[in-house]
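Residues per chain, in single letters:
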Amino acid sequence: PEAMAMRLSVQAGMGWIAPEVAGETLTSLSFPIGVAVSRTFDNGSSTVRPWVMPRVNVTRVSLAGASSSEVDFGASAGLSLTMNSGFGFHAAVDLLAANSSLWQGGAGIHYAIH
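None of these values were measured; they are calculated from a predicted model. (Residues numbered from 1 in each chain as written. Predicted model: local features only at pLDDT ≥ 70, side-chain atom pairs only at ≥ 80, totals over all residues. Heavy atoms only, no water.)

1. A word on the overall build of the chain
1) Next: Within the chain, the secondary structure is distributed over 0 helices and 9 strands.
2) Next: Counting from the amino terminus, the chain carries its helices and strands in the arrangement β-β-β-β-β-β-β-β-β.
3) Next: A compact globule built from 114 residues should have a C-alpha radius of gyration of about 13 Å, whereas the chain, at 18 Å, is more than 25% larger.
4) Next: Taking the principal axes of the C-alpha coordinates as reference, the chain spans close to 55 × 25 × 25 Å.
5) Next: Considering the chain as a whole, with its 114 residues, one finds that 18% of them fall into the buried category.
6) Next: Restricting to contacts in the chain with at least 6 residues of sequence separation, those with at least 24 account for 44%. (Helix = DSSP H or I, 4+ residues; strand = E, 2+ residues; numbered from the N terminus. Rg over C-alpha atoms; globule rule 2.2 N^0.38 Å. Buried < 20%, exposed > 50% of the residue type's maximum accessible area, 1.4 Å probe, protein only. Contact = heavy atoms within 4.5 Å.)

2. Overview of the packing of aromatic side chains
1) Next: Scanning the model with the defined rule gives 1 aromatic pair in all.
2) Next: For the pair F87 and F89, a centre-to-centre distance of 5.2 Å together with 80° between the ring planes defines the contact as edge-to-face. (Phe/Tyr/Trp six-rings, centres within 6.5 Å; stacked < 30°, edge-to-face > 60°.)

3. What to know about the environment of L29
1) Next: Within the secondary structure, L29 is located in strand β5 (residues 27-42).
2) Next: Under the relative-accessibility criterion, L29 is labelled partly exposed at 25%.
3) Next: Residues L29 and G106, spaced 77 residues apart in sequence, show a C-alpha to C-alpha distance of 21 Å.
4) Next: Those residues within four positions of L29 in sequence are excluded, and the remaining contacts are M14, G15, W16, V58, T59 and R60.

4. A short note on the confidence of the model for the chain
1) Next: Across the chain, the average pLDDT comes to 90, with 96% of residues at 70 or higher.
2) Next: The least confident element of the chain, judged by mean pLDDT, is strand β1 (residues 2-12) at 84; the most confident is strand β7 (residues 66-83) at 94. (pLDDT = per-residue confidence, 0-100.)

5. Side note on the environment of V56
1) Next: Counting through the fold element by element, V56 comes out in strand β6 (residues 46-63).
2) Next: Sequence separation between V56 and P32 is 24 residues, and the spatial gap between their C-alpha atoms is 5.8 Å.
3) Next: Residue contacts for V56: discarding those within four places in its chain leaves F31, P32, I33, V71, D72 and F73.

6. Regarding the pairing of β5
1) Next: As judged from the 3 bridges shared by strand β2 (residues 15-17) and β5, these two strands associate in the antiparallel manner. Along β5, the bridge assignment pairs I17 with S28.
2) Next: Bridge count for β5 against β6 is 12 bridges, and the pairing is antiparallel. If you follow G34 over to β6, its bridge partner there is R55.
3) Next: Turn length for the β5-β6 hairpin, with the two strands adjacent in sequence and antiparallel, is 3 residues, and the turn residue G44 shows positive phi of about 100°. (Pairing = 2+ DSSP bridges.)

7. Section: the pattern of salt bridges
1) Next: Scanning the model with the defined rule gives 1 salt bridge in all.
2) Next: Close ionic contact of R55 with D94 constitutes a salt bridge, the shortest N to O distance being 2.7 Å. Here the residue R55 occupies a position in strand β6, and D94 occupies one in strand β8 (residues 87-97), the gap between them amounting to 39 residues.
3) Next: Overall, R55 belongs to the buried group, its relative accessible area being 10%.
4) Next: Given a relative accessible area of 17%, D94 falls into the buried group. (Salt bridge = Lys/Arg side-chain N within 4 Å of Asp/Glu carboxyl O.)

See the structure below:
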């Protein structure tokens, strides 16, 4: 397969949850910030793009008037396969190295409009 140039991108996001805990609302805000490195391989009938992103994760938690903030490190990695038709699949894993390591994973399908 033909390899295209590596790409760097700065990415940031925000996550918010507010479940009820013992009659109080626990509010958690999460801000992941990282630099992603990816490379695209094209074999003529499909495109494969592996990527990796080391990151910093800033979390702010509030409960019953008390709040605290925490900065943790983590990493994400994934693989995307897209056919020339635009239909494709993707999968990723995520590690947050907080007090105890938290692993998460996901997979999905996508359609790219060219």
